[in-house]
Each structure stands twice: as structure tokens, then as C-alpha cells.
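Structure at a glance
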Amino acid sequence: MKNTERNHILKKEIREKYRCIRKEISSDAREEASARIAGQLFNEPAYQKARFIYCYASFEDEADTHRIIEESLRQGKRVALPRVRGKHRMEFCFIKSPADLKPGFLGIREPGPWCPKAPAPYSETMVIMPGIAFDRSGGRIGYGGGYYDAYLTGHTRCIKAALAYSAQIADELPSEPEDVKVDMIITEKELILCQQDCREIR
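Counting of residues starts from 1 at the beginning of each chain's written sequence and follows it residue by residue. In view of the model being predicted, local features appear only for residues whose pLDDT reaches at least 70, and side-chain atom pairs are presented and counted only at 80 or more, with totals across whole chains, interfaces and linings using the full set of residues. Water and hydrogen atoms play no part in the side-chain values, which are based on all heavy atoms of the structure.

**Some words on the overall build of the chain**
Secondary structure elements are defined from DSSP: runs of H or I of at least 4 residues count as helices, runs of E of at least 2 residues count as strands, and each element is numbered from the N terminus. A count of helices and strands for the chain gives six helices and twelve strands. The quantity called the radius of gyration is restricted to C-alpha atoms. Its globule counterpart is 2.2 Å times the number of residues to the power 0.38. At 16 Å, the chain has a C-alpha radius of gyration in line with the 17 Å of a compact globule built from 202 residues. For the chain, the spread of C-alpha atoms along the principal axes amounts to about 50 × 35 × 35 Å. When accessible area is computed with a 1.4 Å probe and restricted to protein chains, residues below 20% of their type maximum are described as buried, those above 50% as exposed, and intermediate ones as partly exposed. Across the 202 residues of the chain, 50% fall into the buried class. Any two residues whose heavy atoms approach within 4.5 Å at even a single point are treated as in contact. In the chain, the proportion of contacts linking residues at least 24 apart, taken out of those at least 6 apart, comes to 66%.

Quick look at the structure:
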């Protein structure tokens, strides 16, 4: 069995394991943890310096992003969310308010067709990425669609952040050369700085 095939199987097992772990967190605990995660993010210098926040609409038992979207808009930052355009393809589009979000791919809220496309992320952009499991080196197991890996290829100047419950942090995750790592992970307990570039920006 090739290493790529072995990693694919291993990632699937990890995805299922951490989905179950996340689902077992009570709704009250998720709500409290989400508030702490948002507070940690708002206090982070990289977030405060960012003019553009590329976020996502949280779904089911993910750490809540709705307060992050609303607070970023309130602060006058340009906020964009992803809109799926096909297999492994998405684009970010600017919103003016949460009312611009409508049910889209898999029922996940995304910008309506009237929302303008956002430019490729650069140094003044923080991209907040979803995921099921992360490790301290910035490794990430997503949902298997490869959307963020494809979108962020070649766009290394932006800050790539992840929101996660502490229970989603693994010791080490398998990765492939095309997998995009995150620069920082914000949990309800700590801020994990994964990349040297991120430390310099702070």
C-alpha cells in the first residue's frame, strides 16, 4: 500500500474519531467554549491588525463563528465567507450583514448571489479555517473536500487561523505535501502558535 493511500485511510479514521469526540461535547459546554474562543481571537494582535476577515458559517457542533462575524462587521473589517462553486472549488464573497447568508452547499450558510467576490487573501487578511482535528505544528484534518487546500495554494502571505475545542487537538496528524497548515489555533484554553511567520506578525 502506498503512503498516500495509507494516509487517506488514516485520515478517514481520525475524521470519524474526532467527529464523535466533538459531538459528545454538551451544548452548554460548546456555548461556553465558543465564547472563550471568540474572546481569545478578538484579543489576538494578528486579528486586530487584519483588515479582511475570511471566515465561515459554523455548522452543527462546530465552535460558533456567528459572534465573530458580527463583531468583525461591527469593527468595520471587510468580512467574506465561502461560496462553493463546484468540486474542490470555492470563492469568498463579501457580506454586509449576516442577513446576506443563505442556505447553500450541504445546508451550510453562504453568501447570496448578490454578494461580490472577494480578492485572493494577502498579508492584511486573516483566513479562519474549519476542521475536525488539528495538531500543534499546524496540521489539519478537514472534512475531506480539499476546498481550503485548493483555495489557499499559492496564498501564503495571509494569516491562517483555526478555531477548535481543546478536545480537537491531536498529538500528530498525517499530512500530504498539498495540505495547507494553519498558523495559529485558538481553543477555549489556549492560543497555539504553529508557524514562525505568525510569531513575527504578532
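**Observations concerning the sheet that holds strand β11 (residues 184–186)**
Two strands qualify as a pair provided DSSP detects at least 2 bridges between them. Reading across from one edge, β3-β2-β1-β6-β9-β11-β12 is the order of the seven strands in this open sheet, with mixed pairing throughout. Only two strands of the sheet have a single partner each, and these edge strands are β3 (89–95) and β12 (191–193). Pairwise comparison of adjacent strand axes, ignoring direction, gives a mean angle of 25° for this sheet. Here three bridges tie β11 to β12, and the two strands are oriented antiparallel to one another. Counted as the bridge partner of I186 is L191 from β12. Only C-alpha atoms enter the line fits that serve as axes; for helices the fit covers just the stretch in contact. Angles between N-to-C directions range over 0 to 180 degrees. Contacting β6 (125–129), β9 (159–163), β11 and β12, helix α2 (residues 27–43) crosses the sheet at an angle of about 135° to β11.

**Examining the pattern of salt bridges**
Salt-bridge detection follows one rule: a side-chain nitrogen of Lys or Arg within 4 Å of a carboxyl oxygen of Asp or Glu. Summed over all chains, the structure comprises ten salt bridges. Between E32 and R36 there is a salt bridge whose closest N-O contact spans 3.0 Å. Of this pair, E32 and R36 are both found in helix α2, four residues apart, which corresponds to roughly one turn of the helix. Judged by its relative accessible area of 45%, E32 is partly exposed.

**Side note on the pairing of β3**
Counting buried positions along β3 yields six of seven residues, so the element is predominantly enclosed. The sheet contact formed by strand β2 (residues 78–86) and β3 spans seven bridges and is antiparallel. Within β3, the position partnered with A80 by the bridge is F94. In this antiparallel pair of consecutive strands, β2 and β3, the connection spans two residues, and H88 shows a positive phi of 60°.

**Focus on the sheet that holds strand β7 (residues 133–135)**
One open sheet holds the three strands; their spatial order is β8-β7-β10, and the pairing between them is mixed. Bordering the open sheet on either side are β8 (140–141) and β10 (169–170), each of which pairs with just one other strand. Bridge count for β7 against β8 is two bridges, and the pairing is antiparallel. If you follow F134 over to β8, its bridge partner there is R140.

**A look at the packing of α2 against helix α4 (residues 66–74)**
Axis separation between α2 and α4 bottoms out at 9 Å; the angle between their running directions is 30°. Here α2 runs over α4; the crossing is right-handed. Contact with α2, carried on its side by E31, S34, A35, A38, L41 and F42, involves R67, I68 and E71 of α4 and no other residues of that element. Among the residues forming the contact of α2 with α4, the class breakdown is five nonpolar, one polar and three charged. The crossing is said to be left-handed when, going from far helix to near helix, the turn is anticlockwise and less than a right angle, and right-handed when the turn is clockwise. Gly falls in the polar group here, along with every residue not listed as nonpolar (Ala, Val, Leu, Ile, Met, Phe, Trp, Tyr, Cys, Pro) or charged (Asp, Glu, Lys, Arg).

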